[in-house]
Amino acid sequence: MPSAPSFAATLVTEDGVRIDAAHTPPRGPGDLGIVLAHGFTGSLRERPTRRITHVLSGFGGVVSFDFRGHGRSGGESTVGDLEILDLDAAVRHARAIGYPRVAVVGFSMGAAVAVRHAGWRGRDGGPDGRGLRPDAVVAVSAPARWYYRGTRPMRQVHWAIERPLGRWVARVGKRTRIRKGVWDPVPSAPHEAAAHISPTPLLVVHGDADGFFPLDHAHQIYEAAREPKELWIEPGYGHAESAATPGLIRRIGEWAVVNA
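Calculation criteria
Residues numbered from 1 in each chain as written. Predicted model: local features only at pLDDT ≥ 70, side-chain atom pairs only at ≥ 80, totals over all residues. Heavy atoms only, no water. Core = buried A, V, L, I, M, F, W, Y, C linked by side-chain atoms within 4.5 Å. Buried < 20%, exposed > 50% of the residue type's maximum accessible area, 1.4 Å probe, protein only. Contact = heavy atoms within 4.5 Å. Axes fitted to C-alpha atoms, helices over the stretch in contact; angles between N-to-C directions. Helix = DSSP H or I, 4+ residues; strand = E, 2+ residues; numbered from the N terminus. Parallel < 35°, antiparallel > 145°, perpendicular 65-115°, else oblique. Patch = residues over 30% accessible without salt bridge, like charges linked within 9 Å, V, L, I, M, F, W, Y side chains within 5 Å. Areas by Shrake-Rupley, 256 points an atom, 1.4 Å probe, with all protein chains shown as cover. Salt bridge = Lys/Arg side-chain N within 4 Å of Asp/Glu carboxyl O. 1 Å grid on protein atoms, 1.4 Å probe; cavity = no way out; pocket = protein on both sides within 12 Å on 5 of 7 lines; lining within 4 Å. Points joined across faces, edges and corners; volume = space filled by probe spheres on them. Nonpolar A, V, L, I, M, F, W, Y, C, P; charged D, E, K, R; others polar.

For the chain, an unreviewed UniProt entry supplies the name Alpha/beta hydrolase and the organism Streptosporangium minutum.

If you want it as structure tokens, here you go:
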């Protein structure tokens, strides 16, 4: 198993939430920083995330972090809404420690946040908003729209989010603290945000064996986005970090090096 990330850091978001993060330097020369955004109930310290960090460090330095309400980060999870501020802090950190190029690689909820963040910064930062927006975005196993309940795993996720017992189970079992209540206002859906990412390159990756989100989610994001964009439909690939093979992660790293 690869060693733990090398340099710990504490980031502070625009709304004052402390975010637990780590920087793994590249295994070789390179000017690319890769910000790794985990899925719901994930953590930078979990085995799948550490494995992905190790592989991606062959292509650039990796900034991994725990979203709010996850692991050692402060606050409570808003399940894809205010998490754009957490990702923004991580992108800014990657710039601050010296990476002139920054790619974001997100999985599941982290992929939805990556798309929303790039779309948000695309509008706020403009086409030359370097330092605000990432230079490339990879969305792996992303939902295209909110409130999807069409699969059993997603019905279980909604139970964990919406029910007091579910939130207790997530807190005790996965160290994930979820904010109770409903979104007000409802944040833009990933497929809506995708329209604002260009000219930042976007790679959408989805497995045809994903048990959480069927392929129409990937197609909806891809079709909403403008060029430059790519869509990879991976045969036999399931969902997010736990199903990602080293070969797929290496291909993503190669794409980021070329496109960021």
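What follows picks up the thread again.
**Student:** Would you explain the nonpolar core in this entry?
**Tutor:** One recurring pattern in soluble globular proteins is that nonpolar side chains are buried together. Counting residues in hydrophobic clusters, the biggest one holds 48 residues, and the most contacted among them are V35, F65, L87 and L202. Excluding anything up to four places from it in sequence, L202 contacts V115, V137, I197, I221, A225, P228, K229, E230 and W255. Membership of the second largest hydrophobic core comes to 25 residues, among which are V105, Y237, L248 and I252.

**Student:** Just to check I follow, could you spell out the packing of helix α4 (residues 152-162) against helix α5 (residues 164-174) for this structure?
**Tutor:** The packing of two helices is summarised by the inter-axis angle and the distance between the axes. Here α4 crosses α5 at 95°, and the two axes come no closer than 5 Å. When the interaxial angle is binned, α4 and α5 end up roughly perpendicular. Judged by residue contacts, W159, A160, I161 and E162 of α4 engage P164, L165, G166, R167 and V169 from α5.

**Student:** Help me understand unusual backbone geometry in this model?
**Tutor:** A cis geometry characterises the amide bond from S198 onward to P199, with omega recorded as 15°. You can see P199 is positioned in the loop between α6 (190-194) and β7 (202-207). Between E227 and the following residue, P228, the backbone shows a cis peptide bond with an omega angle of 0°. Inspection of the secondary structure assignment puts P228 in the loop between α7 (215-224) and β8 (229-234). Phi is positive for R175, close to 55°, though the residue is something other than glycine. Counting through the fold element by element, R175 comes out in the loop between α5 and α6. Here R175 falls in the partly exposed class, since its relative accessible area comes to 49%. One non-glycine residue, A240, lies in positive phi territory at about 60°. Position of A240 relative to the elements: it lies in helix α8 (residues 240-243).

**Student:** Is there a simple way to explain a nonpolar patch on the surface in this structure?
**Tutor:** Together, W159, L165, W168, V169 and V172 line one region of the surface with nonpolar side chains, adding up to about 490 Å² of accessible area. Per-element accounting of the nonpolar patch gives the leading share, four residues, to α5.

**Student:** Help me understand the layout of surface pockets, please; the structure alone is not making it clear to me.
**Tutor:** Over the atoms, a rolled probe matching the size of one water molecule traces out where space is still vacant. Looking at the largest pocket, its volume works out to about 1200 Å³. What lines the largest pocket is a set of 47 residues, among which F40, V79, M109, V157 and I161 lie closest to the centre. Elements that contribute at least two residues to the lining of the largest pocket include exactly α1 (47-56), α3 (109-125), α4, α5 and α8. If you tally residues by element for the lining of the largest pocket, the top one is α4, at nine residues. Looking at the lining of the largest pocket, its residues break down into 24 nonpolar, twelve polar and eleven charged.

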